[in-house]
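The lines below spell out each chain.
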Amino acid sequence: MNSIWDYIFTGGHLYKKSFWREEYEQIAREKEVTPDHVFGICKGGPLMDETDREIKELLRRKGVLTSVFE
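Residues numbered from 1 in each chain as written. Predicted model: local features only at pLDDT ≥ 70, side-chain atom pairs only at ≥ 80, totals over all residues. Heavy atoms only, no water.

Asks: Hey, could you run me through the environment of Thr 51 in this one?
Replies: Topologically, Thr 51 is positioned in helix H4 (residues 50-61). Residues Thr 51 and Ile 8 lie 43 residues apart in sequence; the distance between their C-alpha atoms is 29 Å. (Helix = DSSP H or I, 4+ residues; strand = E, 2+ residues; numbered from the N terminus.)

Here is the structure:
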């Protein structure tokens with residue numbers, strides 16, 4: 001669970017405390033979105049367009065997202 005201190009420490013960018021920070025930032029540069037957007041998709045946010053679906057697939061390929069059904 002994220003605390004208010006995590007939010008303050010990261011300036012509202014919770015992805016910065018993640019083990020996967022570099023992957024979020026790299027995917028964000030590649031897809032021309034913010035790392036916060038990539039982090040949101042990884043945490044179960046809605047997929048709004050084809051770019052979001054591509055981001056989710058990249059997260060899977062990099063091992064950031066896994067499924068118990070794979």
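Asks: Even after reading the chapter, I still don't get helix H3 (residues 35-42), so can you show me in this structure?
Replies: Every α-helix carries 3.6 residues per turn, so stepping three or four residues along brings you back to the same face. Residues of H3 that are buried include every one of Pro 35, Val 38, Phe 39, Ile 41 and Cys 42, and no others. Considered in projection along H3, the buried side chains sweep an arc of 160° and stay on one side of the axis. Residues of H3 that are buried in the fold lie against helix H2 (21-31) and H4. Downstream of H3 by one or two residues, Gly 44 has phi in the positive range, about 100°. (Buried < 20%, exposed > 50% of the residue type's maximum accessible area, 1.4 Å probe, protein only. Arc of directions from axis to C-beta. Contact = heavy atoms within 4.5 Å.)

Asks: Can you help me understand unusual backbone geometry in this one?
Replies: A positive phi angle, close to 60°, is found at Glu 32, a residue other than glycine. Tracing the backbone through its elements, the reader meets Glu 32 in the loop between H2 and H3.

Asks: What's the story with the packing of H3 against H4 in this structure? I'm lost.
Replies: A pair of packed helices is captured by two measures, namely the crossing angle of their axes and the spacing between those axes. At a minimum axis separation of 10 Å, H3 and H4 run at an interaxial angle of 70°. Accordingly, the angle class assigned to the pair H3 and H4 is roughly perpendicular. Here His 37, Val 38, Ile 41 and Cys 42 of H3 lie close against H4, whose contacting residues are Asp 52, Ile 55, Lys 56 and Leu 59. By residue class, the composition of the contact of H3 with H4 is five nonpolar, one polar and two charged. (Axes fitted to C-alpha atoms, helices over the stretch in contact; angles between N-to-C directions. Parallel < 35°, antiparallel > 145°, perpendicular 65-115°, else oblique. Nonpolar A, V, L, I, M, F, W, Y, C, P; charged D, E, K, R; others polar.)

Asks: Whenever I open this one, a nonpolar patch on the surface confuses me. Can you help?
Replies: Among the surface-exposed residues, Ile 4, Trp 5, Tyr 7 and Ile 8 lie close enough to one another that they form a single nonpolar patch of about 500 Å² accessible area. Looking at the secondary structure, you find Trp 5 in helix H1 (residues 4-9). (Patch = residues over 30% accessible without salt bridge, like charges linked within 9 Å, V, L, I, M, F, W, Y side chains within 5 Å. Areas by Shrake-Rupley, 256 points an atom, 1.4 Å probe, with all protein chains shown as cover. Salt bridge = Lys/Arg side-chain N within 4 Å of Asp/Glu carboxyl O.)

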